[in-house]
Amino acid sequence: MELIINDKLSILNGHRYLTDAELAKCLKISRRTLQEYRNNGIIPYYHIGRKILYRE
């Protein structure tokens, strides 16, 4: 699997992913609110190792 880091945007198998901090900033919500969205199944995410990523 190819992983490229470019301008804080990860590209994995042709898909772009955001970290929780980046997505929270884009959505103008706190990281805690984003965590609640994950816990309640409101927003899909990927847990890879110790990282949480969201498909753009």
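So, how was this worked out
Every residue gets a number counted from 1 within its own chain, in the order that chain's sequence is written. In view of the model being predicted, local features appear only for residues whose pLDDT reaches at least 70, and side-chain atom pairs are presented and counted only at 80 or more, with totals across whole chains, interfaces and linings using the full set of residues. Computation of side-chain values covers all heavy atoms of the structure but excludes hydrogens and water. Think of it this way: a Phe, Tyr or Trp ring, Trp meaning its six-membered ring, pairs with another when their centres are within 6.5 Å, and the plane angle makes it stacked under 30 degrees, edge-to-face over 60, tilted otherwise. Helix and strand definitions here come from DSSP, where helices need a minimum of 4 consecutive H or I residues and strands a minimum of 2 consecutive E residues; each element is numbered from the N-terminal end. Each residue is placed in one exposure class: buried if its accessible area under a 1.4 Å probe, protein chains only, is under 20% of its type's maximum, exposed if it is over 50%, and partly exposed if it falls in between. Remark: a charge is flagged as sitting over a ring if the NZ atom of Lys or the CZ atom of Arg is within 6 Å of the ring centre and within 35 degrees of the ring normal. We call a set of buried Ala, Val, Leu, Ile, Met, Phe, Trp, Tyr and Cys residues a nonpolar core when their side-chain atoms join them within 4.5 Å. The contact definition used throughout considers only heavy atoms, calling two residues in contact when any of these lie within 4.5 Å.

Caption draft 1: The packing of aromatic side chains, seen in detail. Following the criterion strictly, the structure yields two aromatic pairs and no others. Geometrically, the ring pair formed by Tyr17 and Tyr46 is edge-to-face, given 5.6 Å between the ring centres and 85° between the ring planes. Taken together, the residues Tyr17 in strand β3 (residues 15-19) and Tyr46 in strand β4 (residues 46-48) connect sequence positions 29 residues apart. The class for Tyr46 is partly exposed, based on a relative accessible area of 37%. Sitting over the ring of Tyr45, Arg38 keeps its end group 5.7 Å from the ring centre.

Caption draft 2: Molecular detail of the nonpolar core. Leu18, Leu23, Ala24, Leu34, Ile43, Ile52 and Tyr54 form the largest nonpolar core, which has seven residues in total. Of all the secondary structure elements, the ones that give two or more residues to this core are α1 (20-27) and β5 (51-55). Those residues within four positions of Leu23 in sequence are excluded, and the remaining contacts are Leu18, Leu34, Ile43 and Tyr54.

Caption draft 3: Main features of the environment of Glu56. Following the sequence through the fold, Glu56 ends up in the segment after β5. Glu56 gets classed as exposed once you look at its relative accessible area, which sits at 59%. Along the chain, Glu56 and His15 lie 41 residues apart, while their C-alpha atoms are 7.6 Å from each other.

Caption draft 4: Structural context of α1. Buried residues of α1: Asp20, Glu22, Leu23 and Ala24, and no others. At the exit of α1 stands Lys28, carrying a positive phi of roughly 60°.

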